[in-house]
Amino acid sequence: MNALVPLPVLLPLCVTGLKLAIGPRLQRFQRFISLAVLGAVLVLSVLLMIAADRHGPLSVHLGDFAPPIGITLVADRLAGLMLTVSSAVTLLVHVYSLGQGMADRDDQTPVGVFHPAYLILVAGVSCTFLAGDLVNLYVGFEIMLVASFVLLTIGGTATRIRAGSTYVIISLFSSVLFLVAIAMTYAFAGTVNFAQLAGRLQEAPDGARTLLEAMLLTVFAIKAAVFPLAAWLPDSYPTAPAPVTAVFAGLLTKVGVYSMLRTQTLLFPGHRLGDLLMLAALASMVVGILGAVAQTDLKRVLSFTLISHIGYMVFGIALAGRGSISGAIVYVAHHITVQTTLFLVAGLVERRDGTTELTRLGGLAKSAPLVAVLFFVPAMNLAGIPPLSGFIGKVGLMRAGIDNGGGWAWALVAGSAATSLLTLYVMAKVWNLAFWRDAPPGAEGEGVVLESAGDEPGDDEDDEEDEETPAAGSGSGRPVPAGAVVSAGLLGQSITTTKRLPWPMLLATGAAVALGLLYTVLGGPLTTFTEAAAAELLARTPYIEAVLGR
């Protein structure tokens, strides 16, 4: 079974090479192999999760080189669960993107650019979850960065180039800081392997350990969009195509949360920065949800709720108890699925009505009842309405805070309750404006063009036109003339709204909603699994023995 551990990383990379060699030809075959490899990664992830649960952590040293020389990949319960959830979500988003590409009559670019970049992103995510040392964790981050820049800027419109440039600058800064932290860790401990560091860092001076912990937390907080390091996210994600925004919002921030979980439990047990993490968690929850309350565009609303709910996960990590870690893991799995689903629904709304600006939407509950249901269920899940999985995760975290009994813990419990209520308010606001009320006068009808292909970065005339004519979802609330909007397509080509949404997009969104509900149905087994994963993380010994063989 250990031989299966590298495959979630290797399979997408190998298929990417094949697709690049084929080029834009054999499109049906390329779509088939993309779906096949993502399905295979999902099956492998489930097998690894089951094996890790039954037999303990699985590890493999590539090339049979032992640490600290070789590359070590490890699949324990936490990594197995994260791989399974991320693989399911990336498969569904890919089906959604195929539907969008076919609806836009795209014949070349997504096959030639989008699909390879997407598979590289999947490989990077898998590499991060399986990494057994800091260097390969860094490599996983960089693979994701390269792929994400391509996906954010695909189509080459000025809006996407600007947003992608901001994202890359922030990511490169965090990468440099990560490299410095890795170098300092090696200088102190003579290794970057997690299992070896778990023992050697305990012998390092307290000041050195605190410095390393602070540097790594800063890197991961940027990746996870923890306040106050989250200002880049609301402006970067909403400009991308709907499938890209969905997978970024669902997965990429959780990679940062996963890295915090892994390092805080394995490398820095009894960490000294717990109070600082609690403060960051509380600030993320409160500031994020207040930002969401102030927005009038659906994508920006969801971007701010994303920042807010990252605070719940940091809450669990900061308390560092078995119950809190278990609750954080449940919430990560729940949030990956629900946040992805909501962004997919935002893409459906934009495809149908030409905008995600709430002041220009209305009547969708009557005119598009299926889309309304697809929004309502994950929205209530995000708000934590019982008995949905969001409620399960929040109750676990709040119970852990009450059991802790500290002042910061009680503040986080109160902040969690307030954030949950405000999330419900925000979701109710979106429902009332976009779905429940009657459509406002002048709302776009079928046949409105969403995106013009002529927007080139650096073109002053085009930039002036962009300022005069707002993009769909830009928040201006003014009518959008056909052919003048800069938003939404995979390529930057013109797309036309339609009342009949492509069935693959509806199917993928519906399956994502069902996956979120499955966490509720399997709430008992899920919490049992996450409690075992939390105990394994806090014990540390099973992981160390699996890697070092002692």
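About the criteria used
- Residues numbered from 1 in each chain as written.
- Predicted model: local features only at pLDDT ≥ 70, side-chain atom pairs only at ≥ 80, totals over all residues.
- Heavy atoms only, no water.
- Core = buried A, V, L, I, M, F, W, Y, C linked by side-chain atoms within 4.5 Å.
- Buried < 20%, exposed > 50% of the residue type's maximum accessible area, 1.4 Å probe, protein only.
- Helix = DSSP H or I, 4+ residues; strand = E, 2+ residues; numbered from the N terminus.
- Contact = heavy atoms within 4.5 Å.
- Lys, Arg positive; Asp, Glu negative; His and termini not counted.
- Salt bridge = Lys/Arg side-chain N within 4 Å of Asp/Glu carboxyl O.
- Polar contact = N/O pair within 3.5 Å; in protein donor to acceptor, adjacent residues only side chain to side chain.
- Axes fitted to C-alpha atoms, helices over the stretch in contact; angles between N-to-C directions.
- Parallel < 35°, antiparallel > 145°, perpendicular 65-115°, else oblique.
- Left-handed = near helix turned anticlockwise from the far one by under 90°.
- Nonpolar A, V, L, I, M, F, W, Y, C, P; charged D, E, K, R; others polar.
- Expected span 1.5 Å × (residues − 1).
- Bend = angle between axes of the 7 residues up to and from the residue.
- pLDDT = per-residue confidence, 0-100.

Trainee: Give a description of the nonpolar core that names residues and reports values.
Mentor: The biggest cluster of nonpolar side chains holds 169 residues, and the ones touching the most others in it are F178 and F375. In terms of residue count, helix α13 (residues 322-353) provides more of this core than any other element does, 16 residues in total. The contacts of F375, once residues within four sequence positions are left out, are L298, L342, V345, M427, V430, W431 and F435.

Trainee: I'd like to hear about the side chain of K429, residue by residue, with values.
Mentor: Position of K429 relative to the elements: it lies in helix α17 (residues 407-436). We note that K429 is buried and unpaired, the nearest opposite charge coming from E357 at a distance of 8.7 Å. Polar side-chain contacts of K429 include one of 2.9 Å to the backbone oxygen of Q295. Contacts of K429, omitting those with residues within four sequence positions, involve V293 and Q295.

Trainee: Got a sec to walk through the pattern of salt bridges? Specific residues and values, please.
Mentor: With the rule as written, the count across this model stands at six salt bridges. Note that D76 and R262 form a salt bridge whose closest N and O atoms lie 2.7 Å from each other. Here D76 is found in the loop between β2 (71-75) and α3 (77-103), whereas its partner R262 is found in helix α10 (residues 242-266), with 186 residues between them in sequence. The burial state of D76 is the same as that of R262; both residues are buried. The partner of K299 in a salt bridge is E350, and the shortest N-O contact between them spans 3.1 Å. Taken together, the positions of K299 in helix α12 (residues 298-319) and E350 in helix α13 put the pair 51 residues apart, joining distant regions of the chain. When its relative accessible area of 2% is taken as the criterion, E350 is described as buried. What emerges from the salt-bridge pattern is a single network uniting D53, R77 and E536.

Trainee: Give me the environment of V286: which residues, what numbers.
Mentor: Counting through the fold element by element, V286 comes out in helix α11 (residues 274-294). For V286, a relative accessible area of 32% translates into the label partly exposed. C-alpha of V286 to C-alpha of I307: the two residues are 21 residues apart in sequence and 9.5 Å apart in space.

Trainee: Tell me about the side chain of S175, and please be specific about residues and values.
Mentor: Within the secondary structure, S175 sits in helix α6 (residues 158-189). The exposure class assigned to S175 is buried, which follows from its relative accessible area of 5%. Within the structure, the side chain of S175 is placed 2.5 Å from the side chain of E142, a separation counted as a polar contact. Not counting chain neighbours up to four residues away, the residues in contact with S175 comprise Y138, E142, L145 and K223.

Trainee: Please give an account of the environment of M184 that cites residues and values.
Mentor: For M184, the location among the structural elements is in helix α6. Here M184 falls in the partly exposed class, since its relative accessible area comes to 22%. Expressed as a C-alpha distance, the spacing of M184 and L211, which sit 27 residues apart in the sequence, is 9.5 Å. Every residue in contact with M184, bar those within four places of it in the chain, is listed here: L211, L212 and M215.

Trainee: So what's going on with the packing of α10 against α12? Residues and values would help.
Mentor: Angle between the axes and distance between the axes are the two parameters that describe a pair of packed helices. Across the interface, α10 lies against α12 with an axial gap of 11 Å and an inter-helix angle of 15°. On the basis of their axis angle, the class for α10 and α12 is roughly parallel. The handedness of the crossing between α10 and α12 comes out as right-handed. Here A249, T253, K254, V257, M260, L261 and Q264 of α10 come into contact with α12, specifically with L306, I310, M313, V314 and I317. Its residues placed into classes, the contact of α10 with α12 shows nine nonpolar, two polar and one charged.

Trainee: Break down α10 for me, with residues and values.
Mentor: Under the 1.5 Å per step criterion, the end-to-end length of α10 is 36 Å for 25 residues, consistent within 8% with the ideal 36 Å. For α10, the principal kink sits at F248 and spans about 35°. For α10, a buried count of 25 out of 25 residues is recorded, marking the element as mostly surrounded by other parts of the structure.

Trainee: Residues and numbers for the confidence of the model for the protein chain, please.
Mentor: In this model, the protein chain carries a mean pLDDT of 83, and residues with pLDDT of at least 70 account for 87%. Segment residues 445-494: pLDDT under 50, and 127 contacts once partners within four positions in sequence are set aside and those in other chains are kept.

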